[in-house]
Amino acid sequence: MINWINQKLNINLDPNGLESIKDFSLIWNIFERIVCGMRFTINTAEVSLNQNQFQQAEFQACYDYFRNRYTGDAVALNRFDHLNFRPNDRRAYVRQVLEDPASSIADIVLALTIIVYRLRNNLFHGEKDMRFIEGQVDNFEQANAFLKTLLNYYP
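Residues numbered from 1 in each chain as written. Predicted model: local features only at pLDDT ≥ 70, side-chain atom pairs only at ≥ 80, totals over all residues. Heavy atoms only, no water.

Caption draft 1: Structural context of the nonpolar core. Counting 50 residues, the largest nonpolar core has F24, F31, L49, I115, F146 and L150 as the members making the most contacts within it. The leading source of residues in this core is helix α7 (residues 105–124), at 12 residues. Among all residues touching L49, those that are not within four sequence positions of it are V35, F54, V109, L110, T113, L150 and Y154. (Core = buried A, V, L, I, M, F, W, Y, C linked by side-chain atoms within 4.5 Å. Buried < 20%, exposed > 50% of the residue type's maximum accessible area, 1.4 Å probe, protein only. Helix = DSSP H or I, 4+ residues; strand = E, 2+ residues; numbered from the N terminus. Contact = heavy atoms within 4.5 Å.)

In C-alpha cells, the structure reads:
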C-alpha cells in the first residue's frame, strides 16, 4: 500500500516510520467501542471517563508532550490551531487544561481525549497532507500510548 501511495502522490514515505499511524486506526476502534459504545461524542466520552479514578502519573508523559507541543510560542499556537477544532469540540477548555499544570486528572484525561479525537478526525477526513504525515509520527505514538493507558481502566 505504501508503494502505491508513494507512486500516486509522487512522494517517498518510509513504511517503517508509519507503524504508529497505522496502529492508531486499530486502537481508536477499540477505544470507541469500549469507552463510547461505538458512538464517539465528547459528551459520551466524558460520561464514560467520569466513571473512573485515574492516576495522574500514568498520563503525565502524554500530558507533558501535548502541553509542550500546543502551548507557549507562536509555533505551538499555530500547531494548536491546526487541530482544526469544530464549534462543539471545546477548544477553549482544551487550551485552558493545557495551560494550567494544576488541572485535575479528570480534566487532563478529557482534554487529551479531545486532542486525540482531533488527530483522528484530521487523519481520517483528509486534513493531514500525506506528504508531511511522517512529521506526525510522534503525535500518533503519544495518542496510542494515551489510548492504551486509558483502555487499561476498562474491562
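Caption draft 2: Main features of the state of the cysteines. If you walk through the whole model with that rule in mind, you get 0 disulfides. As a non-bridged cysteine, C36 has C62 as the owner of its nearest cysteine sulfur, 17 Å distant. (Disulfide = S-S within 2.5 Å.)

Caption draft 3: Region of interest: the packing of aromatic side chains. Under the defined criterion, the tally for this structure stands at 16 aromatic pairs. Ring centres 5.3 Å apart and planes at 55° place the aromatic pair W28 and F40 in the tilted group. Of the two residues, W28 is situated in helix α2 (residues 19–36) and F40 in the loop between α2 and α3 (42–49); the sequence distance between them amounts to 12 residues. A residue is classified by how much of its surface remains accessible, and W28, at 2% relative accessible area, is buried. Measuring from centroid to centroid gives 4.4 Å for F40 and Y117, while their planes differ by 35°, and the two rings are tilted. One end of the pair, F40, is in the loop between α2 and α3; the other, Y117, is in helix α7, and 77 residues separate them in sequence. Under the relative-accessibility criterion, Y117 is labelled buried at 11%. Through pairs of rings, three or more aromatic residues link up here, namely F24, W28, F31, F40, Y117, F124 and F140. A cation sits over an aromatic face here: R95 above F80, 4.6 Å from the ring centre. (Phe/Tyr/Trp six-rings, centres within 6.5 Å; stacked < 30°, edge-to-face > 60°. Lys NZ or Arg CZ within 6 Å of the ring centre and 35° of its normal.)

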